[in-house]
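Each chain, written out:
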Amino acid sequence: LCRDRALMADCDFLILIDTRPGQPPNAFQTRDPATGRPVIAFTAALVAMVETPDQIAFVMGHEAAHHIAGHLDRQQETAAAGALVAGALAAALGRQDAGSLRAAQNIGATLGARTFSKDFELEADTGGTVIAWLAGFDPLQGVTFFDRMPDPGNQFLGTHPPNAARIGVVRRTVRALESGGRG
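Residues numbered from 1 in each chain as written. Predicted model: local features only at pLDDT ≥ 70, side-chain atom pairs only at ≥ 80, totals over all residues. Heavy atoms only, no water.

Focus: the packing of helix α3 (residues 53-68) against helix α6 (residues 117-134)
So, step 1. Here α3 crosses α6 at 120°, and the two axes come no closer than 7 Å. As far as their axial angle goes, α6 and α3 are oblique. Relative to α6, α3 is oriented so that their crossing is right-handed. Between α3, through Ala57, Phe58, Gly61, His62, Ala64, Ala65, His66 and Ile68, and α6, the contact on the second element is made entirely by Phe120, Glu121, Ala124, Asp125, Gly127, Gly128, Thr129, Ile131 and Ala132.
So, step 2. When the residues that make up the contact of α3 with α6 are grouped by side-chain class, the tally is 9 nonpolar, 6 polar and 2 charged. (Axes fitted to C-alpha atoms, helices over the stretch in contact; angles between N-to-C directions. Helix = DSSP H or I, 4+ residues; strand = E, 2+ residues; numbered from the N terminus. Parallel < 35°, antiparallel > 145°, perpendicular 65-115°, else oblique. Left-handed = near helix turned anticlockwise from the far one by under 90°. Contact = heavy atoms within 4.5 Å. Nonpolar A, V, L, I, M, F, W, Y, C, P; charged D, E, K, R; others polar.)

Things to note about the sheet that holds strand β2 (residues 27-31)
So, step 1. Taking strand neighbours across the sheet as the criterion, the 3 strands line up as β1-β3-β2 in an open arrangement whose pairing is mixed. With partners counted over all chains shown, the strands left at the sheet margins are β1 (14-18) and β2, one partner each. The mean angle between the axes of side-by-side strands here comes to 25°, regardless of whether they run parallel or antiparallel.
So, step 2. Direction of pairing for β1 relative to strand β3 (residues 38-43): parallel, over a ladder of 5 bridges. Directly across from leucine 14, in β3, lies its bridge partner valine 39.
So, step 3. α3 contacts β1, β2 and β3 of the sheet and is inclined by roughly 145° relative to β3. (Pairing = 2+ DSSP bridges.)

Right, dumping it as structure tokens:
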């Protein structure tokens, strides 16, 4: 799926487990800073929470889908745009000192980075559903992982949508796959 949909992307994922003590349950997609190779990382706490192969397959598919969709690059672009706009606005309002400009740029970058984060999560849930499905796993069983995770609700500037929205996306995607679609 990565090679089909992300024509220019490196699809040679490095899978890591972060065994540092005290890390909260988490999984994320990033790139190796030295090589640019895509990395999918799980904390040991997340791995310990997984109850079925379907759950880990869904989470892994979700993180791979972030890479396939280019979410890291898109998030960096919106963060840079937010920093630029906030810095320009601060300067226009008379905040010329470096500390004030830097603070405004940091706020703008945070707002920019979060602009599409909930949409990116739902898009990755769709892609993760397709990936798990094509790999022979049951995404409906996989998404039960959310039953064990705290629901982030629909917080203003939150990074993740409510669990119910995510589960709904998975169900709709599975229905589409069952009717012959590819998500």
